[in-house]
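What follows is each chain in one-letter form.
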Amino acid sequence: MSIWPQQSTLAPAQMGIVWSNYSLAVRPHTGAGVLLILAGGFPAPPGSGKCFPFPSSSGDAARVLSPRGRSPGGAGCGMSRGTGSPGGGGAGPAGPSPGPGSSWGRGSAGSRPSLARGGHGRVRALTPPHPGPDRASRGGAMGSLFRSEEVCLAQLFLQSASAYSCISELGERGLLEFRDLNPKVSPFQRRFVGEVRRCEEMEKTFTFLQQELRAAGRVPGPCPESPRAPAAREALRVQEQSEQLAQELREVSRSRASLRGRLWDLRQCLHVLREAQRFTSLPAPLGSPPRPPALSEREPILDPSVHQHLERKISFVAGVIHPWRVTAFERLLWRACRGYLVASFVEMPEPMEDPATGESITWVIFLISYWGEQIGQKIRKISDCFHCQVYTYPESEASRTEAITRLHGQIQELSVTLEETEKYLAEVLDKVAQVLPTWRVQVQKMKAIYLVLNQCSFDVTKKCLIAEVWCPVRDLTQVQDALRQGSYQSGSSVECFVQRVPTSESPPTLIRTNKFTAGFQSIVDAYGVASYQEVNPAPYAIITFPFIFAIMFGDVGHGLLMFLFALWMVLYEDSPRLRQGTNEIWLTFFEGRYLILLMGAFSIYTGFIYNECFSKATVIFPSAWSVATMANHSSWSPAYLATHPSLTLDPNVTGVFQGPYPFGIDPIWSLATNHLNFLNSFKMKMSVVLGIVHMGFGVVLGVFNHVHFQQRHRLLLEFLPEMIFLLALFGYLVFLIFYKWIKFSAADSMVAPSILIHFIDMFLFTSNAENLPLYPGQVPVQMVLVVLALASVPVLLLGTPLYRWCWQGAPRTPLTTGEQEPLLEGQEAGNSVNATTEDVESGGHSPDAKHLDFAEIFMHQAIHTIEYCLGCVSNTASYLRLWALSLAHARWSSRISSTWVPGTSCAPSPSPRTPGNSHAKGIPGAWNIGCAPNSPPLDPWSLLGGE
């Protein structure tokens, strides 16, 4: 997907336009003729399909106006597989994704049908209608980051003379999303198709000017300021000046190319004459007999008394050939001419540029002397076949000298002319580089205005344009002010105005962001865009996403490097050199600088918890393990230490273990041979606990949606079964983990049962005699929890559909609307101009629709139930990736550090057990210290401060 127009841009019903303070970008839009106009954005490079956030010049926060609807399959609370019921704002379990949030994939069943733009370019209703109070009266003006703003449908009444100025003013402020009121009209039959074509012609001219700049090695800079859309006269001036500059560039470029070709030809001819003259005017060697006078054209070569007179004339062919073709050329000449020639080859003294490829080549000069006209014709034909440049070679010495002198003069004159041409071309290119960025933005804005005007419709009097827009409620006064300002600029005596109209469609989602929150909002939107007025998960992802990353990347040193790199980008974020980079990878890092900053900060925190700095432990506090006490109790002798590479510290011995480490993991564990076993158990349980808490938080966020949309029944029919299913199974697993940590200590750790076996037996409704229960009555409790979890599934599946089916038979009072006269043909009173049955499916009717598709509701609820139940299982397993990636990062960091840092031979190794040791079978929770077999014996007292 490209944000720049790739095909004909005369189809506004299928395109969306993003208007920024700096430039305008076009991207395909999935809605039925929806035009997006936003403030605070600039277009990404062509082909990226993105519009990156950019702070506006006025200092206002950037705005993100997202298409309403959901991603395929719904979007759960910060999970890649979203869950939630159709027509509800419930929340599903959160997987290892950016962060928790509500299930924004569906609309509200409490008042309005939630619309989602499908993948085939039309508006598709996802939620069946359900009556309820109007959203405008429910305190929806919570224009904050935690919930999307209240958006209303409005109509703009624009006078024909001031419509252009009004749309331009609205575009500069970036307040509206326009809708197409002419979906059935061909793009080539709309009113302003001529103006759009003129803009496209100017864009073609700008493309030619930009290509000329790039060919000259110049890169046009960004637009220094945000120019306004040009007026009609100014647009004509821009068109004339751009065409004039393009014509000048064509003529000057053509003249320069001709001069360069002529100069290249003259220089080659000069080299040919110089080098060939050496062959034809060689001095006679000393002591040699005098050479006979050269035969004239009329003197016979043979004695006339013996043979008849034969006129023989020696001719020459001189030229230049590519060095790769010399061998084949010489061989073919010899075979074709049967030796009736003398060929001489010599390299040119200096390399010259190939006019075809621009490559610098050392050409080869050849001089061929022959006799006979037929031989000469063959030589010339062969030269043409080998693409040789052949030049006229004078026969007499005086003619050659005169030709060389004449060539010198011509070369000097051409060099002066070419230099003047280059100067003039540089002046034209400077002028183009100065005005092209501004012209491009102006024409793009002008084209966007006419595309918007093509989406408007005339009233019955044909004197007024009517536009239909989505507008934030809090910005209605600014829209009216912009219309008033546009009318004043155009000199119109009649002011344009805006009128809010009721509608049965669900508005798009508008979430205001800034340079800090834009990156997190983009990550959440990648999983799914929240439906209108649903809870926005992005604020919670600001904490959860960096923290989850830090669990996998916990290292003080690595996190500090990341933090400093991001801090440098934040401190110099206003530097044009950083913002105007062309590398896509660099732009990705720069746009996510605040995200990287938080990830680095959280990685430092988790690095202190893991007690790792570049994979090495740091002794911030004294170790809680006493090697001296264990040595005194075990009577370790020097001979025993020399023969046993692994020593076991038993925490059951009084004084060996003095209590938990003040913060993080005790550094002595980095020396233990069972270090990996300890960290595996710790990080695996930590990942499961954090994952289930994360998912539960996402489900709880759905409560705010149910309360906001006044869907109290969903608290009982969806939220409660979801929480029972999650907590009865996986919440119970978290309980077992903490219960085992609290109940069992090092003294009775040998008899501690396995949680994994208990969890498996829980689903099998059985018990294992070898695996003792954690607490009395564990088996009955587990059976009850499994039964509750299974019983919550049919409630989740059938509760909402049956409630709505039963509610359908209840009497309903239709909403009363005031008497309104339609302004356009085919418009119904109280409805949108284009809210017809062709545009909106059954879910897009008014809330008091009498026909409810029960099959569709049941299907959506079945999908939600399946996704939720499977998501609870799969996402719990997915959170184990935190443990796996954290382990991989620690191991690779240890390997790299061991390679770079000398003297680090002491590392965790397989724990060898000594046959004579009283702890030969191993003690759970014991600390086993050991070194690699080839390393010197370890002195534990030196590492622990001489204990």
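Residues numbered from 1 in each chain as written. Predicted model: local features only at pLDDT ≥ 70, side-chain atom pairs only at ≥ 80, totals over all residues. Heavy atoms only, no water.

Caption draft 1: Inspection of the packing of aromatic side chains at higher detail. Taken as a whole and judged by the stated rule, the model has 33 aromatic pairs. Look at Phe-565 and Phe-589: their rings are 6.3 Å apart centre to centre, the planes differ by 80 degrees, and that puts the pair in the edge-to-face class. With Phe-565 in helix α10 (residues 556-571) and Phe-589 in helix α12 (residues 584-591), the pair connects residues that are 24 residues apart, well separated along the chain. Looking at Phe-589, the relative accessible area reads 41%, which means it is partly exposed. Put simply, the rings of Phe-565, Trp-568, Trp-586, Phe-589 and Phe-590 touch in pairs and so form one group of aromatic residues. The lysine or arginine in question, Arg-191, covers the ring of Phe-192, its NZ or CZ lying 5.9 Å from the ring centre. (Phe/Tyr/Trp six-rings, centres within 6.5 Å; stacked < 30°, edge-to-face > 60°. Helix = DSSP H or I, 4+ residues; strand = E, 2+ residues; numbered from the N terminus. Buried < 20%, exposed > 50% of the residue type's maximum accessible area, 1.4 Å probe, protein only. Lys NZ or Arg CZ within 6 Å of the ring centre and 35° of its normal.)

Caption draft 2: Local environment of the environment of Tyr-739. On the secondary structure map, Tyr-739 appears in helix α17 (residues 712-743). With 35 residues separating them in the primary sequence, Tyr-739 and Leu-774 have C-alpha atoms 8.1 Å apart. With residues near it in sequence (within four places) discarded, Tyr-739 still touches Leu-774 and Tyr-775. (Contact = heavy atoms within 4.5 Å.)

Caption draft 3: Layout of the confidence of the model for the protein. Model confidence for the protein is summarised by a mean pLDDT of 74, while 71% of its residues fall at 70 or above. Taken as a whole, residues 1-143 scores under 50 in pLDDT and shows 518 contacts with residues more than four places along the chain or in a different chain. Low pLDDT, under 50, characterises residues 833-851; the stretch is placed with 49 contacts to residues that sit more than four places away or in other chains. (pLDDT = per-residue confidence, 0-100.)

Caption draft 4: Just the packing of α17 against helix α19 (residues 778-808), in detail. At a minimum axis distance of 8 Å, the contact between α17 and α19 shows a crossing angle of 155 degrees. The angle between α17 and α19 falls in the class roughly antiparallel. Like other packed secondary-structure pairs, α17 and α19 cross with a definite hand, here left-handed. In terms of residue class, the contact of α17 with α19 is made up of 16 nonpolar, 6 polar and 2 charged. (Axes fitted to C-alpha atoms, helices over the stretch in contact; angles between N-to-C directions. Parallel < 35°, antiparallel > 145°, perpendicular 65-115°, else oblique. Left-handed = near helix turned anticlockwise from the far one by under 90°. Nonpolar A, V, L, I, M, F, W, Y, C, P; charged D, E, K, R; others polar.)

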